[in-house]
Amino acid sequence: MSTTSSQSSASRIARTHEPALRTLAEVRSQAASELVVRALRKGETIDGVHINVLTTSCKTDDVSFLVTLGGTIQNRLATQEHIFAAATTGTPITRDSNFLVICASSPDFILRADILTRSKFIGRCQVFSLKDLFSVPEYVEYGVEEGTMLVAAIREFGGVTYDLAAVWDVLRKAARTPIDPFHAPPWSVGIEKRLELERAKLIRSTAVQAFEELRVPEVRIPTVLVDIRPAAQRAQYGEINGAMVVERNVLEWRFDPRSSSRVPIATRYDLRIIVICQEGYTSSLAAVSLQEIGMLNATDVIGGFKAWKEAGLPLHIPEQIYVDERDDISSVTSI
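So, here's what we can say about the structure.

Conventions adopted
- Residues numbered from 1 in each chain as written.
- Predicted model: local features only at pLDDT ≥ 70, side-chain atom pairs only at ≥ 80, totals over all residues.
- Heavy atoms only, no water.
- Helix = DSSP H or I, 4+ residues; strand = E, 2+ residues; numbered from the N terminus.
- Contact = heavy atoms within 4.5 Å.
- Expected span 1.5 Å × (residues − 1).
- Buried < 20%, exposed > 50% of the residue type's maximum accessible area, 1.4 Å probe, protein only.
- Salt bridge = Lys/Arg side-chain N within 4 Å of Asp/Glu carboxyl O.
- Pairing = 2+ DSSP bridges.
- Axes fitted to C-alpha atoms, helices over the stretch in contact; angles between N-to-C directions.
- Parallel < 35°, antiparallel > 145°, perpendicular 65-115°, else oblique.
- Left-handed = near helix turned anticlockwise from the far one by under 90°.

## Comments concerning the environment of Phe 121
Along the chain, the position of Phe 121 falls in the loop between helix H4 (107-120) and strand E5 (125-127). Distance in space between the C-alpha atoms of Phe 121 and Val 167 is 9.6 Å, their sequence separation being 46 residues. Excluding its chain neighbours within four sequence positions, the residues that come into contact with Phe 121 are Ile 154, Phe 157, Asp 163, Ala 166 and Val 167.

## Points about helix H3 (residues 62-76)
Over its 15 residues, H3 runs 21 Å from end to end, which matches the ideal 21 Å to within 8%, given 1.5 Å per residue. Most of H3 sits out of view: 13 of its 15 residues are buried.

## Side note on the pattern of salt bridges
Between side chains of opposite charge, a pair can form as their charged atoms come close. All told, the structure shown has 17 salt bridges when counted by the stated rule. We note a salt bridge from Glu 44 to Arg 172, for which the minimum N-O separation is 2.7 Å. Note that Glu 44 is positioned in strand E1 (residues 44-46) and Arg 172 in helix H7 (residues 163-175), a separation of 128 residues in sequence. Between Lys 193 and Glu 196 there is a salt bridge, with its nearest N and O atoms 3.6 Å apart. Here Lys 193 pairs with Glu 196, and both are found in helix H8 (residues 191-199), just three residues apart, close to one helical turn. Residue classification places Lys 193 among the partly exposed positions, given a relative accessible area of 40%. Through salt bridges with shared partners, a single ionic network connects Lys 120, Asp 169 and Lys 173.

## A short note on the pairing of strand E6 (residues 149-154)
For E6, a buried count of six out of six residues is recorded, marking the element as mostly surrounded by other parts of the structure. Taking every second residue as pointing to the same face, both faces of E6 are buried, with Met 149, Val 151 and Ala 153 on one and Leu 150, Ala 152 and Ile 154 on the other. Taken together, the six bridges between strand E4 (residues 98-104) and E6 define a ladder with antiparallel strand orientation. Bridging from a neighbouring strand, Cys 103 pairs with Met 149 of E6. Relative to E6, E5 is paired through three bridges, and the arrangement is antiparallel. Its bridge partner being in E6, Gln 126 is matched across the sheet by Ala 153.

## Some thoughts on the packing of H8 against helix H12 (residues 282-292)
Packed helix pairs are specified by the crossing angle of their axes together with the interaxial distance, meaning the distance between the axes. Put simply, H8 and H12 touch, their axes get as near as 9 Å, and they point 50° apart. With respect to their mutual orientation, H8 and H12 come out oblique. The crossing of H8 and H12 is left-handed. Each of Ile 191, Arg 194, Leu 195, Glu 198 and Arg 199 in H8 lies in contact with H12, whose residues at this interface are Ser 284, Leu 285 and Val 288.

Pasting the structure below:
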């Protein structure tokens, strides 16, 4: 055999052993499988339903890729209750919107997710119709059961910081077992129990103790009485002159040192904030909310303004006296 003939034969053999070039669909399917494998290891379980949210960068074929993701998830979790979401983030390449796919084991999950998604992204969301989905080859290819996949176009998805959290909220709520509207959900907490739990986080003050603390504050710790009652209650029952009036709906914004809307005194996290309402209920929840944003010295007045008046306390903030920690109580500085 000649050298040329041998080389030709070797070349043909080599070509027959070269791996065939993969199609775009095969590449997409492999990428989707790898994403899904990672997603299945994590996530949450709500009422026995597995949930998770995946994100991927924008592509020229966003909808096809997301539907492939959804179909892969449904195949992998065919025997399990689930509801998953996958979304593209970043600047869209071919359209003016990002895309979101939600796939589930039951049409009921999708029905609830559809309603929630539209309300979360109102004015920014367009949900694809079933006719639109059947025009996507992957939708048919993966044999998606009718009603178990939702595809939506969302403008500027990820441009708002809470977009991803909103998708998680959609899945959590959609996954919950429907309840009797006349019975409390099993995971809920009644207001009386919640009040009890929140008050356990506080060292509450009686009206007299609050008055004394305002008169003789802790060394170097500014102390302020904050009246959170609405104007109508203050007009009806009276008020304490010198108390800082901050109505409940803006309380956290006024006392978070990080907020651009804070009051001038809210520059430090050890500020002693004594919250007072009319009877000492709303103030407890408000004080805990202040603690949760970092104001750990927040507390409230037991019995509220009603208890303050019943104790016969003056309706004005007393002149504050600061005790010098180096001396005894007789050595004071008034301001």
